[in-house]
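Here's the letter readout for the chains.
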Amino acid sequence: MHIGQIGLLSFRSIKILNFEPDANLNFITGANNAGKTSLLESVYVCSTSKSFKNIDLDNLIDYSSQSSKISVKCSDNTINDIIIYEKTLKSPKKVLINQKKSSIKDTMLKLPVIALNFGNQNIFTQKSEVRRSLLDWGVFHVKQDYHNLLKQFNRILVSRNKVLKTRDLDQISLWTDRFIESAQIIHSHRQEYFDQFNAAFINILNNTPDLASILYNDILKTKIAYKKGWTGSLEDSLTRSLNKDIACGFTSSGPHRADFAASTDKGKVCDLASMSTQVVLNFCITLAQSDAFHVKHNHKPVLLIDDLFFGIDDKNLGVVIKLLNESELQCFLTAPDSLINRITGLKIKPKGSYYQMKNGELMGNKV
Ligand SMILES: Nc1ncnc2c1ncn2[C@@H]1O[C@H](COP(=O)(O)OP(=O)(O)O)[C@@H](O)[C@H]1O
Ligand SMILES: [Mg+2]
């Protein structure tokens, strides 16, 4: 998958932009407030009709305009498509693929993107919900009616929680049976995806040529494990917790509690690892997500990385560049201008181009 062209009109601080990105790495540098994150955000919005920073869609329209437009030309190496997202203040969004009105599911499938942004939180420190949605993203791209299965599961969970509060044992038993049936389906999809994703993660750390010699040891020793959301059989687990669940009015075990954890022989990554180790591991998790996607689709999603380089040293920066070069992903990365000096000082040279953003305009020259 790669993007051939991005066109923007009145999107956040970007008045107008026409960008033909590199098929590999696109380093977008610039001062604070230059509009770097906005450019990445536009790609994410075009795919998902959502902001990766949870900004309301109306607030993504340039303050001095009534509407904004994003157009993205993309190709999965065989088919070329044009996706258009348009939003007018206080009106519903419009999404078109090749001029035909489309659903968000369609745009997500046409333009799969993964966004990584690093603030104080990362995949290991955030709530389990974030890791579950990573698994669910992977399953969705393999099994396209998975969103409906998840919705159905959530409805059953809500109903079971309601009847727990009524203490009506017959009703509880009825909803418990439905809950188990739906839970097993969700779990088996997640487990199958996790196995592929984990194999990709292990492969990245162990089989990327010459990587082991430049990795910090704690990164190399990290393993990830899936937790389905209960122990033993689900039926036994629900029976064991029934009195507690009735008292709380809530089902305490099931796929809504699923998670995955990263740890080394010393303990959990979220408790022990330095921030830079967590950043690099987050990055490896994302590459594994993209590799698992590639196995199924024969192309890779577009990767958006906002401020990745915050706080990582040159050794880890070299690891990231090496992995990105090997991955052959099309990737958009934002960073301060000073990053160019750091990257050009590394032994390894990135496959891609540098662009500089100033006041919402992208300086076209590749540096
Ligand atoms: N809806 C909007 N209309 C106009 N400007 C906006 C809007 N939303 C955010 N901005 C401004 O856009 C500028 C660029 O933000 P951002 O893309 O996050 O910059 P960077 O990532 O380069 O630091 C900021 O100054 C911000 O205040
Ligand atoms: Mg930014």
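Residues numbered from 1 in each chain as written. Chains lettered and ligands numbered in written order. Predicted model: local features only at pLDDT ≥ 70, side-chain atom pairs only at ≥ 80, totals over all residues. Heavy atoms only, no water.

This next bit is on the overall build of the protein. If you tally the helices and strands in the protein, you get 12 helices and 15 strands. The 367 residues of the protein split such that 53% are buried. Considering only contacts in the protein between residues 6 or more positions apart, those separated by 24 or more positions represent 72%. On the protein, roughly 17500 Å² of surface is accessible, and the fraction owed to carbon and sulfur atoms is 49%. Treating the 46 positive side-chain charges of the protein as one cloud and the 36 negative ones as another, the clouds have centres 2 Å apart. (Helix = DSSP H or I, 4+ residues; strand = E, 2+ residues; numbered from the N terminus. Buried < 20%, exposed > 50% of the residue type's maximum accessible area, 1.4 Å probe, protein only. Contact = heavy atoms within 4.5 Å. Areas by Shrake-Rupley, 256 points an atom, 1.4 Å probe, with all protein chains shown as cover. Lys, Arg positive; Asp, Glu negative; His and termini not counted. Charge placed at Lys NZ, Arg CZ, Asp CG, Glu CD.)

We now examine the domain arrangement of the protein. Segmenting the protein into domains produces domain 1 (1-112 + 301-367) and domain 2 (122-291). Distance from the C-alpha centre of domain 1 to the C-alpha centre of domain 2: 29 Å. Across the boundary between the two partners, domain 1 contributes 21 residues, which contact 21 residues of domain 2. Summed over both partners, the interface of domain 1 with domain 2 buries about 2000 Å², with 78% contributed by carbon and sulfur atoms. (Domains from an automatic or database assignment. Buried area = accessible area lost by both parts, 1.4 Å probe.)

Moving on, we get to the site of ligand 1. Close to ligand 1 lie 14 residues, the nearest being Asn 33, Thr 37, Ser 38, Asn 59 and Ile 61. Take Asn 33: an N or O atom from its main chain is 2.7 Å from an oxygen atom of ligand 1. Between ligand 1 and the protein, one listed contact pairs an oxygen atom with a side-chain N or O atom of Lys 36 at 2.9 Å. In isolation ligand 1 has 580 Å² of accessible area, and contact with the protein removes 78% of it. Taken together, the residues of the shell around ligand 1 sort by class into four nonpolar, seven polar and three charged. (Near = heavy atom within 4 Å. Polar contact = N/O pair within 3.5 Å; in protein donor to acceptor, adjacent residues only side chain to side chain. Nonpolar A, V, L, I, M, F, W, Y, C, P; charged D, E, K, R; others polar.)

All right, on to helix 4 (residues 146-166) then. Between its first and last C-alpha atoms helix 4 spans 31 Å; for 21 residues at 1.5 Å apiece the expected length is 30 Å, and the two agree. Buried residues in helix 4 make contact with helix 3 (128-140), helix 5 (169-207), helix 7 (234-240) and helix 8 (242-248). Note on helix 4: the residue one or two positions beyond its end, Arg 167, has a positive phi of about 60°. (Expected span 1.5 Å × (residues − 1).)

With that out of the way, let us pick up the pairing of strand 1 (residues 2-11). Burial runs high along strand 1: seven of the 10 residues are buried. Across seven bridges, strand 1 lies against strand 4 (residues 67-75) in antiparallel orientation. Across the sheet, the residue bridging to Gln 5 is Lys 73, located in strand 4. In the sheet, strand 1 pairs with strand 2 (residues 14-19) via five bridges, with the strands oriented antiparallel. Pairing of Gly 7 across the sheet is with Asn 18, part of strand 2. (Pairing = 2+ DSSP bridges.)

Bringing the sheet that holds strand 5 (residues 80-88) into the picture now. The strands making up a sheet are joined through hydrogen bonds of the backbone, oriented either antiparallel or parallel. On the basis of which strands lie adjacent, the open sheet formed by six strands has the order 2-1-4-5-6-7 and antiparallel pairing. Bordering the open sheet on either side are strand 2 and strand 7 (100-101), each of which pairs with just one other strand. Sheet analysis places strand 4 next to strand 5, joined by nine bridges and oriented antiparallel. Residue Cys 74 lies in a different strand from strand 5, and its bridge partner there is Asp 81. Helix 1 (residues 36-48) rests against strand 1, strand 2, strand 4 and strand 5 of the sheet, and its axis sits at about 105° to strand 1. (Axes fitted to C-alpha atoms, helices over the stretch in contact; angles between N-to-C directions.)

Our focus in this paragraph is the packing of helix 4 against helix 5. At a closest axis distance of 9 Å, the pairing of helix 4 and helix 5 adopts a crossing angle of 150°. Viewed along their axes, helix 4 and helix 5 adopt a mutual orientation that is roughly antiparallel. Both helix 4 and helix 5 take part in a crossing whose hand is left-handed. Judged by residue contacts, Tyr 146, Leu 149, Leu 150, Phe 153, Ile 156, Leu 157, Ser 159, Arg 160, Val 163 and Leu 164 of helix 4 engage Gln 171, Ile 172, Trp 175, Thr 176, Arg 178, Phe 179, Ser 182, Ala 183, Ile 185, Ile 186, His 189 and Arg 190 from helix 5. Of the residues in the contact of helix 4 with helix 5, the class split is 14 nonpolar, five polar and three charged. (Parallel < 35°, antiparallel > 145°, perpendicular 65-115°, else oblique. Left-handed = near helix turned anticlockwise from the far one by under 90°.)

So, about the pattern of salt bridges. Across all of its chains, the model carries 13 salt bridges by this definition. For Asp 265, the salt bridge is made with Lys 221, and the minimal N-O distance between the two is 4.0 Å. Taken together, the positions of Asp 265 in the loop between strand 10 (259-264) and strand 11 (267-268) and Lys 221 in the loop between helix 6 (217-220) and strand 9 (223-227) put the pair 44 residues apart, joining distant regions of the chain. In this structure Lys 221 comes out as partly exposed when scored by relative accessible area, which is 40%. For Asp 314, the salt bridge is made with Arg 342, and the minimal N-O distance between the two is 2.8 Å. In this pair, Asp 314 is assigned in helix 11 (residues 314-327) and Arg 342 in helix 12 (residues 339-344), connecting sequence segments 28 residues apart. (Salt bridge = Lys/Arg side-chain N within 4 Å of Asp/Glu carboxyl O.)

This paragraph deals with the packing of helix 5 against helix 10 (residues 275-297). With their axes 8 Å apart at the nearest point, helix 5 and helix 10 run at an angle of 120° to one another. Between helix 5 and helix 10, the angle is such that the two are oblique. Between helix 5 and helix 10 lies a crossing of right-handed hand. In this structure, helix 5 contributes Tyr 193, Gln 196, Phe 197, Ala 200, Phe 201, Ile 204 and Leu 205 to the contact, and helix 10 contributes Leu 281, Cys 284, Ile 285, Leu 287, Ala 288, Gln 289, Asp 291, Ala 292 and Lys 296. Residues of the contact of helix 5 with helix 10, tallied by class, amount to 12 nonpolar, two polar and two charged.

With that settled, consider the nonpolar core. Membership of the largest hydrophobic core comes to 76 residues, with the highest contact counts inside it found for Phe 27, Phe 197, Phe 283 and Phe 309. A total of 13 residues in this core trace back to one element, the largest contributor, which is helix 5. Two domains each donate at least three residues to this core, and these are domain 1 (1-112 + 301-367) and domain 2 (122-291). If we ignore the near neighbours within four places in the chain, the residues touching Phe 309 are Phe 27, Leu 317, Val 320, Leu 333, Thr 334, Ala 335, Leu 339 and Arg 342. Within the second largest apolar cluster, 33 residues are counted, among which are Leu 17, Leu 60, Ile 83 and Tyr 85. (Core = buried A, V, L, I, M, F, W, Y, C linked by side-chain atoms within 4.5 Å.)

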